[in-house]
Amino acid sequence: MSEVKLTAGIRTEFGKGAARRVRRADQVPGVLYGHGTDPVHVTLPGHELLLALRTPNVLISLDIEGRSPELAIPKAVQRDPLKGFLEHVDLLLVKRGEKVTVEVPVQAEGELAPGNFLLEHVLNTLSVEAEATHIPESVTVSVAGLEAGASVLAKDIPLPSGTTLAVDEDTVVLQVLAAQAEEPAAEGEAAEGEEPAEA
């Protein structure tokens, strides 16, 4: 997986006003925590962070003023509900070789069996344990030929070497449903776009 280098500053002002000032300067307030250390309040470059977060569970190498570089993964990202800009990010400190539990996106490939079937994602992500520097960006499972009633369980999803499930292996991740036919219009009701019949 890719490693992104970001330069972070130490944040000394707190509160909504301070956070707004940070964001106006195209920076994002964040907190770095983990390994039993005191949380470190940082500011991160907004645009570079936004690009980095396009990769799920991206590994970030943080160059923080006055400290040796730290490795971290994003744990919680807050966005403005209307405008979508980054408001705050929580980063978890990790070490090379350390195992971490993360959520990775589940992708389905292949065509379902012929017929009127729908694929339902019961879970969009799968909880797995992997080395901090080898977190898979996603996991892929084939649904080729599956029919209504078929389910894909967590244990059915192939995982990269060194990655293990962090959920019950019998957890349903995907299932195939029969598509519901549209209800016929009730007797006496005009179909959409038709004039009611004259009595």
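The rules behind these values
Residues numbered from 1 in each chain as written. Predicted model: local features only at pLDDT ≥ 70, side-chain atom pairs only at ≥ 80, totals over all residues. Heavy atoms only, no water. Helix = DSSP H or I, 4+ residues; strand = E, 2+ residues; numbered from the N terminus. Buried < 20%, exposed > 50% of the residue type's maximum accessible area, 1.4 Å probe, protein only. Contact = heavy atoms within 4.5 Å. Areas by Shrake-Rupley, 256 points an atom, 1.4 Å probe, with all protein chains shown as cover. Salt bridge = Lys/Arg side-chain N within 4 Å of Asp/Glu carboxyl O. Pairing = 2+ DSSP bridges.

(A) Layout of the overall build of the protein chain. On a plain count of helices and strands, the protein chain comes out with 2 helices and 13 strands. Per-residue burial over the protein chain gives 34% buried out of 199 residues. Excluding contacts between residues fewer than 6 apart, the proportion of contacts in the protein chain whose partners are at least 24 apart in sequence is 64%. Summed over its atoms, the accessible surface of the protein chain is roughly 12100 Å², and 49% of this surface lies on carbon and sulfur atoms.

(B) Main features of the environment of Glu-169. Position of Glu-169 relative to the elements: it lies in the loop between β12 (164–165) and β13 (172–178). Classification of Glu-169 by relative accessible area gives partly exposed; the value is 45%. When the C-alpha atoms of Glu-169 and Leu-153 are compared, they prove to be 6.8 Å apart, with 16 residues separating the residues in sequence. Not counting chain neighbours up to four residues away, the residues in contact with Glu-169 comprise Leu-153, Ala-154 and Lys-155.

(C) Looking closely at the pattern of salt bridges. Following the criterion strictly, the structure yields 2 salt bridges and no others. In this structure, the salt-bridge partner of Asp-170 is Lys-155, at a minimum N-O distance of 3.0 Å. With Asp-170 in the loop between β12 and β13 and Lys-155 in the loop between β11 (151–153) and β12, this pair connects stretches of sequence that are 15 residues apart. On the basis of relative accessibility, which here comes to 42%, the residue Asp-170 falls in the partly exposed class. On the accessibility criterion, Lys-155 (44% relative accessible area) is partly exposed.

(D) Local environment of the pairing of β13. Sheet topology note: the strand β8 (residues 117–121)/β13 ladder contains 5 bridges and is antiparallel. Across the sheet, the residue bridging to Glu-120 is Gln-175, located in β13. Sheet analysis places β11 next to β13, joined by 3 bridges and oriented antiparallel. Paired with Ser-151 across the strands is Gln-175, a residue of β13.

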